[in-house]
Amino acid sequence: MLRFCGWLEQIPWIVTVTNSAALISLVWLVHYLGFFLLVGTTAFVDLRVLGAAARNQKLAPLAGLLLPMAWTGLGMVIASGFIMFAGQATTFYPTEVFRMKMGIVLLALVFGLIVQRRLPAWDRAPYVPAGAKWLAFASLALWIGAILAGLEVPAFIPGI
Amino acid sequence: MHTWLVGICERLQNIPLVVWLVTAQYAYPFIQWTHFTGLSLWLATTLALDCRLLGAGKRFQTAAQLSDALFSWNWLGLGIAVLGGFTLFSTAAVGYIDNPAFRLKLGVLLPLALAWHIFVQRKSRTWGRTPETPRVAKLAGLLEIALWVAVATAAVWIPNY
């Protein structure tokens with residue numbers, strides 16, 4: 001795997017992007033904006049399920065509007081995240097905190113998908129079931145945890 | 001004026017709590033975390049309304065309904081972002097006030113984007129009564145997206161100085 005990481009780092013266009021202050025800043029910008037879209041919209045839907053936001057509005061229309069933005073954000077995060085990872089793959093790959101971040105993000109995505117799939121059923125019920133609130137709470141906590149884990153990565157890897 | 005500002009920033013940087021935040025290992029990401037959590041809520045709820053004004057998801061809700069749903073958490077998000085942002089600023093205030101990207105962000109782009117957001121949010125009640133929004137609403141939404149992308153670009157550029 002480390003050999004593969006080493007190969008990633010040597011890809012010419014990855015080298016060009018990583019060594020250009022303007023291009024790598026653009027990649028960071030896309031990563032941040034994508035993450036804000038992904039986490040913010042997902043968190044808002046979770047807050048609605050928990051009864052802490054927009055209680056006077058139905059769940060499904062709100063989610064129908066917000067969740068496509070979350071998926072757009074995810075696409076931006078994956079594309080930019082791959083470039084950021086590839087540029088310093090041999091440094092990122094063996095680092096525990098980076099693996100922890102990826103684990104939390106994957107878990108948050110799984111919970112996000114479960115919430116999204118069950119939303120129409122919860123909307124038809126006379127009240128949001130307790131299980132739904134636990135799922136939404138887990139999703140919210142995982143996404144907020146993912147932000148912290150993402151910010152801890154540079155703290156544990158000097159020079160990133 | 002500049003000397004006076006530097007003096008205030010120096011005093012801010014030397015507040016014992018701020019000194020502790022800078023010197024304590026791994027404390028700094030927690031301040032960034034507050035800023036980024038607030039920003040996620042603020043930007044996502046702001047850009048969602050802009051996208052709706054542009055015509056996205058018109059079969060789900062009107063822009064007025066969406067604006068009403070997002071309003072409280074939109075401003076709560078900004079409050080959290082400002083709290084985290086001010087704390088981040090206080091950890092290196094003297095350096096920040098002379099950083100051209102920071103000055104552009106805080107002095108020009110952020111006030112402009114905020115004022116435009118307040119205008120768009122207020123007008124969305126009128127523009128967003130029907131599923132189809134008027135052309136002026138679409139232009140206003142597009143301009144707001146451009147303004148916030150400009151704010152974020154300036155923010156990302158800060159470490160390059």
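Above this note sits the structure.
Just so you know, these numbers come straight off a predicted model, no measurement behind them. (Residues numbered from 1 in each chain as written. Chains lettered and ligands numbered in written order. Predicted model: local features only at pLDDT ≥ 70, side-chain atom pairs only at ≥ 80, totals over all residues.)

Caption draft 1: Broad picture of the overall build of chain A. Of regular secondary structure, chain A possesses seven helices and zero strands. Secondary structure elements in chain A, listed N-terminal to C-terminal, are α-α-α-α-α-α-α. With respect to the three principal axes, the spread of C-alpha positions in chain A is 55 × 30 × 25 Å. Within chain A, the proportion of its 160 residues that are buried is 38%. Residue pairs at least 24 apart in sequence account for 80% of intrachain contacts in chain A once pairs closer than 6 positions are excluded. (Helix = DSSP H or I, 4+ residues; strand = E, 2+ residues; numbered from the N terminus. Buried ≥ 20, exposed ≤ 12 C-beta atoms within 10 Å, placed from the backbone. Contact = placed C-beta atoms within 7 Å.)

Caption draft 2: Structural detail: the overall build of chain B. The secondary structure content of chain B amounts to seven helices and zero strands. For chain B, the N- to C-terminal ordering of α and β elements is α-α-α-α-α-α-α. Counting only C-alpha atoms and orienting by the principal axes, one finds that chain B spans roughly 55 × 30 × 25 Å. Buried residues in chain B amount to 38% of all 161 residues. Here the analysis covers contacts within chain B between residues at least 6 apart in sequence; of these, 84% occur between residues at least 24 apart.

Caption draft 3: A look at the nonpolar core. Of all hydrophobic cores here, the largest spans 77 residues; its most connected members are Phe36(A), Leu37(A), Leu66(A), Ala146(A), Ala44(B), Ala48(B) and Val151(B). Ranked by the residues each element gives to this core, the list is headed by helix H3 (residues 21-49) of chain A, at 13 residues. If we ignore the near neighbours within four places in the chain, the residues touching Leu37(A) are Met69(A), Ala70(A), Thr72(A), Gly73(A), Ala44(B) and Leu47(B). (Core = buried A, V, L, I, M, F, W, Y, C linked by C-beta atoms within 7 Å.)

Caption draft 4: View of the environment of Leu50(A). Residues and elements named next belong to chain A. Inspection of the secondary structure assignment puts Leu50 in the loop between H3 and helix H4 (59-87). Looking at Leu50, the number of C-beta atoms within 10 Å reads 18, which means it is partly exposed. For the pair Leu50 and Val39, spaced 11 residues apart in the sequence, the C-alpha separation amounts to 16 Å.

Caption draft 5: Up close: the interface of chain B and chain A. Of the residues lining the interface, 29 residues belong to chain B; the matching set on chain A comes to 29 residues. Those elements that provide at least two residues to the side of chain B that touches chain A are helix H3 (28-53), helix H4 (63-91) and helix H7 (135-157) of chain B. Residues that form the side of chain B that touches chain A fall into these classes: 19 nonpolar, nine polar and one charged. (Nonpolar A, V, L, I, M, F, W, Y, C, P; charged D, E, K, R; others polar.)

Caption draft 6: Region of the structure containing unusual backbone geometry. Residue and element names in this part refer to chain A. With a phi angle near 40 degrees, Ala54 is a residue other than glycine that sits in the positive phi range. Examined against the element boundaries, Ala54 turns out to sit in the loop between H3 and H4. Judged by local crowding, Ala54 falls into the buried class, with 21 C-beta atoms found within 10 Å.

Bear in mind that shape data such as this cannot, by itself, settle questions of function.
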